[in-house]
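Structural features, examined
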Amino acid sequence: MARNKHPEETVERILDEAFRLFMKKGYEHTSIQDIISGLGGLSKGAIYHHFKSKDDILMAVSDRMTAESNRMLAAIRDRRDLNGREKLKKIFKESIIRPVQDEIFTVAPNFHDNPKLLFSLLHDTIDNVAPNYILPIIRQGIADGSIEAAYPEQLAELILLAANVWMNPMIFDSSVEETRRKFMVFARMLQGFGLDIVDDELLNRLKELTMIYQNSRAGS
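Read on for a plain summary of the structure. For clarity, every value in this text was computed on a predicted model and none was experimentally measured.

**Considerations on the overall build of the protein**
A count of helical and extended segments in the protein gives 11 helices and 0 strands. Starting at the N terminus and walking to the C terminus, you meet the elements of the protein as α-α-α-α-α-α-α-α-α-α-α. Every one of the 220 residues in the protein was classed for burial, and the buried ones make up 41%. In the protein, the proportion of contacts linking residues at least 24 apart, taken out of those at least 6 apart, comes to 68%. About 12,100 Å² of surface is accessible on the protein, with carbon and sulfur atoms providing 54% of the total.

Right under this line is the structure:
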């Protein structure tokens, strides 16, 4: 049998098809055979050459989804022209304004059908994003006087869980009005920590994304 001269392309094809199916059918309802059927002649052996199991494919899909976001977070974290508070504000703006969010909310992953994908999101939030990106910024803000926080580790986790999970309409199937109310509570919570870093531009963008998600769900 001829050797695969382009293994990276094969891996990308597998991940593309797996991502499409996970979003459409849910991880639990997608089989390895489903992935094979969408790959036009790729064998089961070829898939298992690159991935030991469907769980491994899920982890690779999740890693690819978060890689771009992590690059953006690192770039903002490492800037020297912004203080800690300004960096947090920049992160919120860049995270939600990115055009790729339209695609994500249009694809409309149903986290009720993707418990492992949801767990992957939670795991990445607590074990990666909070300690490696948000916490260093909060510590910088404490040092430069722009942020006051007695418990920076817990604040980093709280901010991310509220923003990425509690306010995420793809997890709780929130309406536009429910999203607006959650945002207002989130904004007041941040203000209580002296962080006036979200504004109407972010609120309007979050409402727009919620509407995209709801319209996608209604049409599916």
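From this point, the narrative continues.
**Quick look at the nonpolar core**
Ranked by internal contacts, the top residues of the largest apolar core, which has 60 residues, are Ile57, Phe186 and Val198. With near-sequence residues (within four places) excluded, Phe186 lies in contact with Phe92, Ile159, Ala162, Ala163, Trp166, Met167 and Val198.

**Overview of the environment of Phe92**
Relative to the helices and strands, Phe92 is located in helix 5 (residues 84–97). Take Phe92: its relative accessible area is 15%, and that puts it in the buried class. On a C-alpha basis, the gap between Phe92 and Val198 in space is 7.4 Å, while along the polypeptide they are 106 residues apart. Ignoring any residue separated from it by four or fewer positions in sequence, one finds Phe92 in contact with Ile159, Ala163, Phe186, Ile197, Val198 and Leu202.

**Brief notes about a nonpolar patch on the surface**
Together, Trp166, Phe172 and Val185 make up a nonpolar patch on the protein surface, roughly 290 Å² of accessible area in all. Mapped onto the elements, Phe172 comes out in helix 9 (residues 169–172).

**Brief notes about a negative patch on the surface**
There is a patch of like negative charges on the surface, built from Asp196, Asp199, Asp200 and Glu201. Along the polypeptide, Asp199 turns up in the loop between helix 10 (176–192) and helix 11 (200–219). You can call Asp199 partly exposed: its relative accessible area is 30%.

Thresholds, definitions, all that
- Residues numbered from 1 in each chain as written.
- Predicted model: local features only at pLDDT ≥ 70, side-chain atom pairs only at ≥ 80, totals over all residues.
- Heavy atoms only, no water.
- Helix = DSSP H or I, 4+ residues; strand = E, 2+ residues; numbered from the N terminus.
- Buried < 20%, exposed > 50% of the residue type's maximum accessible area, 1.4 Å probe, protein only.
- Contact = heavy atoms within 4.5 Å.
- Areas by Shrake-Rupley, 256 points an atom, 1.4 Å probe, with all protein chains shown as cover.
- Core = buried A, V, L, I, M, F, W, Y, C linked by side-chain atoms within 4.5 Å.
- Patch = residues over 30% accessible without salt bridge, like charges linked within 9 Å, V, L, I, M, F, W, Y side chains within 5 Å.
- Salt bridge = Lys/Arg side-chain N within 4 Å of Asp/Glu carboxyl O.
- Lys, Arg positive; Asp, Glu negative; His and termini not counted.
- Charge placed at Lys NZ, Arg CZ, Asp CG, Glu CD.

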